[in-house]
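Coordinate inspection notes
Given next are the chains, with one letter for each unit.
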Amino acid sequence: MTRPRLDHRLLLRLTSALFAGLGLVFLSGCKLAEVFNLSGNQSTMVTAGPVAKAQWDLFMVTVYVSTFIFIVVGTVLAYAQIKFRAKSEADEHAEPPPQGHGNPFVEIGLIAGSVALLVIIAIPTLRDIWYTHDVPESEKGNAIEVTATGYQWWFKFEYPSEMVKLPSGGEAPLVTSNELVVPAGIAIRVQLRTIDVIHSFWVPKLAGKVDMMPNRGNFVWFKADKPGYFYGQCAEYCGESHAIMRFRVIALSPRDYSLWLENQKQPARTVTAQSLAAATSPATVQFASMKVNPSDALAGSPSFEADPLAAWHAMQQPEAGENAQLIATGRKLFSDKTCISCHNIRGHEGVGITGPDLTRVGARTTIAAGVLENTRERMHAWIKEPNHFKPGNKMWFGGYNVQDGDGWKPNFQVTDQEIDALVAYLHSLK
Ligand code: CUA
């Protein structure tokens, strides 16, 4: 007697909810393009190397299989609901139809279907477990070995195959911090270590997360298809500043890489009045000047964001307008303020190992473990109050402030003029 109950009010409510949701997205200023942007700096969906690609492809296999199951089950469910719905008042009060049990054809079919789908997922899974575990045999001969060590909250990178002569005599592996420079197109095998707690090494566009465990050697390998500037991130909660424990991977052409290595192996660059006079037309490095305040402190300048790899190349050159006098003052302050006891500057006075190696800090695009772009303004702000940018860091607690019986008290202070000199010195280290 009554017609099928298509509840118009329910349909109306669902439609309004959908439009209200879309309206919210637009009103809040999100463009749909941003909502569906899949290629951000730390996106795993647009890959730049074979390891990340294998992981992404495997993910898509499971998406396809799940979509297939969703469509089959959804179709059967929708068909049953429409075909067997109550069409009249009498249907609603009718006895249920006779119930069937144990149809061997359906049961065996469902088991066989499920097994087949699991096998479809298992084959590429097993293949990729082997592939992503270690550098393929065919590439082992060329692979470059690097050791990455996690510290609260920054990364040290060592190149055991690249030995450098120490000023004190002897040799040690080349060391750098927070920016891992590698050649593109060559497999990189990274030994993962930690000095304190568990960290995790992750470069979303190049390779997935592997933990850096105390007392246990892990490793990961990756390869960048072509030169590029990649964003890395600690991916295991490791304390106050875990979320801003970042790093970069800079992949260069083989030629640029060997030039970089050659420069890295030299002792720290020393700027004197004579060397300034001898320098012919120094390259200009000008990032957009910007005020540092809490809201924009972590962003990069537009010129940097537009082409970070070009910005990295520019950073390798001495800055225009270097002031030898100011640099010398900064170098002296670096000793007087005891910076030397935590930071190494190979060839100059720094000898410490608890903080990042600063032998070529002026040539890095970022400071404070990838959190701040390495402009003069930002390095000034960082030196002025490191705890503002990286809460809990050891430079602030233990360097600027020391603990005695009554708690923390200031160890030393730096004026703005002193910081300017320190920045000039550190930026001269190219
Ligand atoms: Cu290191 Cu999280």
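For the structure itself, consult the block above.
Quick summary incoming for the structure in this document. (Residues numbered from 1 in each chain as written. Predicted model: local features only at pLDDT ≥ 70, side-chain atom pairs only at ≥ 80, totals over all residues. Heavy atoms only, no water.)

As a further point, take the nonpolar core. Counting 47 residues, the largest nonpolar core has Leu180, Phe201, Phe222, Val249 and Trp260 as the members making the most contacts within it. Ranked by the residues each element gives to this core, the list is headed by strand 10 (residues 246–252), at five residues. Ile244, Val271, Ala368 and Leu426 belong to the second largest nonpolar core, which has 31 residues in total. (Core = buried A, V, L, I, M, F, W, Y, C linked by side-chain atoms within 4.5 Å. Buried < 20%, exposed > 50% of the residue type's maximum accessible area, 1.4 Å probe, protein only. Helix = DSSP H or I, 4+ residues; strand = E, 2+ residues; numbered from the N terminus.)

Our focus in this paragraph is the sheet that holds strand 5 (residues 188–194). Sheet architecture is open: five strands sit in the order 3-2-1-5-8, paired in mixed fashion. Every interior strand has two partners, whereas the edge strands, strand 3 (171–177) and strand 8 (218–222), have only one. Across the sheet, the mean angle from the axis of one strand to that of its neighbour is 30 degrees, orientation sign disregarded. (Pairing = 2+ DSSP bridges. Axes fitted to C-alpha atoms, helices over the stretch in contact; angles between N-to-C directions.)

With that settled, the discussion passes to helix 5 (residues 104–133). Helix length check: helix 5 (30 residues) gives 42 Å between terminal C-alpha atoms against 44 Å at 1.5 Å per residue, within 8%. Here helix 5 has its buried residues at Leu117, Pro124, Asp128 and Thr132. Among the structural elements, helix 3 (50–83) and strand 8 are those in contact with the buried residues of helix 5. Its side-chain oxygen at 3.0 Å from the backbone nitrogen of Phe105, Asn103 defines the N-terminal cap of helix 5. (Expected span 1.5 Å × (residues − 1). Contact = heavy atoms within 4.5 Å. Polar contact = N/O pair within 3.5 Å; in protein donor to acceptor, adjacent residues only side chain to side chain.)

Right, let's get into helix 12 (residues 376–384). Two residues of an α-helix separated by three or four positions point the same way, owing to the 3.6 residues in each turn. Restricting attention to buried positions, one finds in helix 12 the residues Arg378, Met379, His380, Ala381, Trp382 and Ile383. Buried residues along helix 12 sit in contact with strand 11 (366–367), strand 12 (372–373), helix 13 (386–389) and helix 14 (416–428).

In the structure shown here, the tally under the stated rule is 15 aromatic pairs. Where Tyr151 meets Trp154, the ring centres are 4.2 Å apart and the plane angle is 20 degrees; that geometry is what we call stacked. By relative accessible area, Tyr151 is classed as buried at 8%. The buried category is assigned to Trp154, whose relative accessible area is 8%. Taking 5.5 Å as the distance between ring centres and 70 degrees as the angle between the ring planes, the aromatic pair formed by Tyr229 and Tyr231 counts as edge-to-face. As far as the burial class goes, Tyr229 and Tyr231 line up, both buried. Joined through ring pairs, the aromatic side chains of Phe155, Phe157, Phe201 and Phe247 make up one cluster. The ring of Phe219 is capped by Arg189, whose NZ or CZ atom sits 3.9 Å from the centre of that ring. A cation over an aromatic ring shows up here: Lys209 above the ring of Trp202, its NZ or CZ 4.5 Å from the ring centre. (Phe/Tyr/Trp six-rings, centres within 6.5 Å; stacked < 30°, edge-to-face > 60°. Lys NZ or Arg CZ within 6 Å of the ring centre and 35° of its normal.)

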